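# Working through the structure, step by step
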Amino acid sequence: MGAPAHVASARQRRQFIVSGVSSQTALPSRGPLELVNLTPLMELTRGRAETMIALIDGPIATSHPDLSGSNIREIPGRIPSACDQTRSFACMHGTFVAGILIAKRGSPAPAICPDSTLLVRPIFAETSATHAPMPSATPEELAKAIVDCIDAGARIINLSAALLQPDAKGERLLEEALDYSAGRGVIVVAAAGNQGTVGSSAITRHSWVIPVIACNRLGRPLSYSNLGNSIGRRGLSAPGENITSLVANGKQLTFGGTSAAAPFVTGAIALVWSEFPKATAAQVKFSMTRSRVVGPATVVPPLLNAWGAYQAMATIYAKGGV
């Protein structure tokens, strides 16, 4: 979620972005769902239980009334899937992302694909601190969680984590886990991070991953969103400013950052795949990024166009490709 940009990296970014907009005021009337053309797709479908999304994040407040009745399953791991300390940052983070994906329609959260199944595999431990940096995990922990989610039947993995103390061995294990997801046809959507840097990580460099940066309501990158060559080539931009979703105790929160942006892409993929369940992962990934304009290399990825992705899949289907 939203961490302040580093000054040095912000200067470096000026050569890539005309305006490093992160304004919280004077926003246009388009909401986050309208900005990325999710509204018509959400009117068409609520998702399918068979389209399982794995959430690698913190535990979630399953008792929240806007999550009650949702298809939530736990993948056993070191950390339980349900919150124990409802005011912890890990609980807030996991519940916030879960609300964007599977909250009840009509709730304060975007509630993109409420009929999809959410597989919860927490890797962020709860602490008493309510203010913390973006959650982090070791490459080994993350690699194991990815493999667990794939083996549990996930079709899509939503990932919002910075790597803690990466080393050659850990990054190799992570690369192998991401290779495994590619071989099994499981799409990985990853938040690009909020350090305001230009570069990449072992996650965003991987050719199978869809990195997601955060943009404002004008579709412009937020100043603290990480950018990079691999992010620009294979990633997408999604709403990450003033996003409202769920937190524990029946409450809601307005927050922002790449962790808030990533589930918009994940949810759009779930809806498209629900309408075309026989499509391959490669076909779905292609439909999501088809709006890319051929031109000079850029570190800024195109804006998600969910309805355009659905239309692209419909075209493939009409041609007998699905």
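Let me begin by describing the structure that accompanies this report.

Conventions used here
Residues numbered from 1 in each chain as written. Predicted model: local features only at pLDDT ≥ 70, side-chain atom pairs only at ≥ 80, totals over all residues. Heavy atoms only, no water. Pairing = 2+ DSSP bridges. Helix = DSSP H or I, 4+ residues; strand = E, 2+ residues; numbered from the N terminus. Axes fitted to C-alpha atoms, helices over the stretch in contact; angles between N-to-C directions. Contact = heavy atoms within 4.5 Å. Polar contact = N/O pair within 3.5 Å; in protein donor to acceptor, adjacent residues only side chain to side chain. 1 Å grid on protein atoms, 1.4 Å probe; cavity = no way out; pocket = protein on both sides within 12 Å on 5 of 7 lines; lining within 4 Å. Points joined across faces, edges and corners; volume = space filled by probe spheres on them. Left-handed = near helix turned anticlockwise from the far one by under 90°.

## Notes on the sheet that holds strand 7 (residues 187-191)
If you walk across this open sheet you meet the seven strands as 2-3-1-5-7-8-9, and the pairing is parallel. Looking along the sheet, the strands with just one partner apiece sit at the ends: strand 2 (71-74) and strand 9 (236-239). For this sheet the average axis-to-axis angle between neighbouring strands, irrespective of direction, equals 30 degrees. Helix 4 (residues 89-102) contacts strand 1 (52-56), strand 2, strand 3 (117-120) and strand 5 (156-159) of the sheet and is inclined by roughly 165 degrees relative to strand 1. Of the strands in this sheet, strand 7, strand 8 (209-215) and strand 9 touch helix 9 (residues 281-289), which is tilted by about 40 degrees from strand 7.

## Side note on the side chain of S274
Structurally, the position occupied by S274 is in helix 8 (residues 258-275). Polar contacts involving the side chain of S274 include one to the main-chain carbonyl oxygen of A270, which spans 2.6 Å.

## Comments concerning the layout of surface pockets
In this model, the second largest pocket occupies a volume close to 270 Å³. Taken together, 18 residues line the second largest pocket, and the ones lying closest to its centre are A192, G193, Q195, S201 and N226.

## Describing the packing of helix 4 against helix 8
Remark: helix 4 packs on helix 8, axes separated minimally by 9 Å, with the N-to-C direction vectors making an angle of 35 degrees. For helix 4 against helix 8, the interelement crossing comes out right-handed. Contacts from H93, F96, V97, I100 and L101 of helix 4 reach helix 8 at S259, A260, P263, F264, T266 and G267.

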